[in-house]
Amino acid sequence: MTDVEHHYTTVDGHRLHYLKAGTSGPPVVLLHGGIIDAAHLSWGAVIEPLAERFQVYALDLLGYGRSDIPDVQYTTKRHIDVLEGFLDGVDLDETSLVGISLGGGIALGFALRAPKRVSRLCLIDSYGLGSELPNGRLSYVLSQIPQFNTLSIGLLKRSRSLARASLGSIVYDLDTVSEAVVSDFYDQLQRPGVATAFRSWRKHEVTRPGYRTVFTDRLGDVETETLLLHGAADEVFPPAWSERAAVRMPNAECTLVEECAHWLPQEKPDLCVKLLTNFLT
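Conventions we followed
- Residues numbered from 1 in each chain as written.
- Predicted model: local features only at pLDDT ≥ 70, side-chain atom pairs only at ≥ 80, totals over all residues.
- Heavy atoms only, no water.
- Helix = DSSP H or I, 4+ residues; strand = E, 2+ residues; numbered from the N terminus.
- Rg over C-alpha atoms; globule rule 2.2 N^0.38 Å.
- Buried < 20%, exposed > 50% of the residue type's maximum accessible area, 1.4 Å probe, protein only.
- Areas by Shrake-Rupley, 256 points an atom, 1.4 Å probe, with all protein chains shown as cover.
- Lys, Arg positive; Asp, Glu negative; His and termini not counted.
- Charge placed at Lys NZ, Arg CZ, Asp CG, Glu CD.
- Patch = residues over 30% accessible without salt bridge, like charges linked within 9 Å, V, L, I, M, F, W, Y side chains within 5 Å.
- Salt bridge = Lys/Arg side-chain N within 4 Å of Asp/Glu carboxyl O.
- Phe/Tyr/Trp six-rings, centres within 6.5 Å; stacked < 30°, edge-to-face > 60°.
- Lys NZ or Arg CZ within 6 Å of the ring centre and 35° of its normal.
- Pairing = 2+ DSSP bridges.
- Right-handed = clockwise from strand over helix to strand, strands pointing away.
- Axes fitted to C-alpha atoms, helices over the stretch in contact; angles between N-to-C directions.
- Parallel < 35°, antiparallel > 145°, perpendicular 65-115°, else oblique.
- Left-handed = near helix turned anticlockwise from the far one by under 90°.
- Contact = heavy atoms within 4.5 Å.
- Arc of directions from axis to C-beta.
- Expected span 1.5 Å × (residues − 1).
- Core = buried A, V, L, I, M, F, W, Y, C linked by side-chain atoms within 4.5 Å.

(A) Spatial organisation of the overall build of the protein chain. Along the protein chain, the regular secondary structure elements total twelve helices and eight strands. Radius of gyration (C-alpha) of the protein chain: 17 Å, near the 19 Å computed for a compact globule of 281 residues. A principal-axis box enclosing the C-alpha atoms of the protein chain has dimensions of 45 × 40 × 40 Å. Here the protein chain, with 281 residues, has 54% of them falling under the buried criterion. Looking at the protein chain as shown, the accessible area adds up to about 12,100 Å², and 48% of this sits on carbon and sulfur atoms. Of the side chains in the protein chain, 26 bear a positive and 35 a negative charge, and the two mean positions are spaced by 7 Å.

Below you can see the structure in the form of structure tokens.
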């Protein structure tokens, strides 16, 4: 297997960490999700297999993983700006983008901003394809009271079993999650400033009517060849979002993955690699 290397680059004075693997083939940039996530958490099981065919870059978003956590307002637009700076920093004029959850919304937003820089686009359980909040008004109320999230993170930090159980909200079958992944997640919970970026992002992006950033009216402008993947059992963002988006995008197809929820790269890594390789090749 190809070695996975740790690298850093600086964007707007902030240090960004990313994983790099593979020395040949077209470049692919992987973007993880929100809450408690990082490049190695969402993508750790698929980076090395993908690196056999591609040059893989897996970025820790600003405020996540080993990247800096500056005291700024985190928004989807800021993450798109940082992605643009990252691509400039690592000299990628054109690349394929693969994003899961929040990362999907970032990838889609960048593809709309700079279509000539995105060769292919894959959105997995993506944000930005609808406005409906998963728990209605409760989602809005919780977004405006960050202390609830701080308290819940504090509880998860103290109990590995609770941390493991919390992953049940994003996977179809918790028994399929390896103990190594649980350990990585639990270790991530211990990092100083964890979830700071998510709380800031959520407070900005969650409004009374629904999510603030919605690209549905612009999907017809996405000329980039696009694959939408969505876990059929996803309870974070509805699978119908991806199905609807594929109809509205000129060059898109959608695949629903059975017995899968919100974390395809970790729930079904072999299938994820196969689907991505077939699409990106």
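(B) Highlighting a nonpolar patch on the surface. Together, L151, L155 and L162 make up a nonpolar patch on the protein surface, roughly 280 Å² of accessible area in all. Structurally, L151 can be placed in helix α6 (residues 146-158).

(C) How the structure looks around the packing of aromatic side chains. Evaluation of the coordinates by the stated rule reveals nine aromatic pairs. Between Y127 and W201 the ring centres are 5.1 Å apart and the planes differ by 70°, which places this aromatic pair in the edge-to-face class. Pair noted here: Y127 is in the loop between β6 (118-124) and α5 (137-143) and W201 is in helix α9 (residues 196-205), with a separation of 74 residues, a long-range link. The pair formed by Y127 and W201 is uniform in burial state, with each residue classed as buried. Linked through ring pairs, Y127, F198, W201, Y211, F237 and W241 together constitute an aromatic cluster. A cation over a ring is seen here: R120 above F279, with NZ or CZ 5.3 Å from the ring centre.

(D) Here's a closer look at the pattern of salt bridges. Tallied over the full model, the rule gives seven salt bridges. Among the ionic pairs, E179 bridges to R164, the shortest N-O distance being 3.7 Å. Residue E179 is found in helix α8 (residues 179-189), and its partner R164 is found in helix α7 (residues 160-166); the two are separated by 15 residues along the sequence. Here the salt bridges do not stand alone but share partners, grouping K77, D81, E84 and R113 into one network.

(E) How the structure looks around the pairing of strand β8 (residues 252-257). By the bridge criterion, six bridges tie strand β7 (residues 225-231) to β8 in an arrangement that is parallel. Paired with G231 across the bridge in β8 is V257. Handedness of the β7-helix α10 (residues 239-248)-β8 crossover: right-handed.

(F) The packing of helix α3 (residues 76-89) against helix α4 (residues 102-113), seen in detail. Relative to each other, α3 and α4 sit at 70°, their axes nearing to 9 Å. Classed by the angle they form, the pair α3 and α4 counts as roughly perpendicular. Considering the relative orientation of α3 and α4, their crossing is right-handed. Only L102, I106, G109, F110 and R113 of α4 make contact with α3, whose side of the interface consists of T76, K77, H79, I80, D81, L83, E84 and L87.

(G) Highlighting α8. Taken residue by residue, α8 has V181, V182, F185, Y186, Q188 and L189 as its buried positions. Projected onto a plane normal to the axis of α8, the buried residues spread over an arc of 160° and lie on a single side.

(H) Here's a closer look at the pairing of strand β4 (residues 55-59). Burial runs high along β4: four of the five residues are buried. Two elements, strand β2 (residues 14-21) and β4, share four bridges in a ladder whose sense is antiparallel. Within β4, the residue paired with Y18 across the bridge is L59.

(I) Quick peek at α3. Between its first and last C-alpha, α3 extends 20 Å over 14 residues, near the 20 Å set by a 1.5 Å rise per residue. Along α3, the positions that sit buried rather than exposed are T76, H79, I80, V82, L83, G85, F86 and L87. Where α3 ends, the next residue or the one after it, D91, has phi of about 60°, a positive value.

(J) Just the environment of A252, in detail. Of note, A252 is situated in strand β8. You can call A252 partly exposed: its relative accessible area is 23%. Residues A252 and L41, 211 residues apart in the sequence, show an inter-C-alpha distance of 27 Å. Apart from residues lying up to four places away in sequence, A252 is in contact with T226, L228 and A246.

(K) How the structure looks around the nonpolar core. Counting residues in each nonpolar core, the largest one holds 47 residues, and the members touching the most others are V29, L83, F86, L108 and L121. Looking at this core, the elements with two or more residues in it are β2, β3 (27-31), β4, α3, α4, β6, α9 and α10. Counting residues in each nonpolar core, the second largest holds 44 residues, with A39, L167, L229 and L276 among its members.

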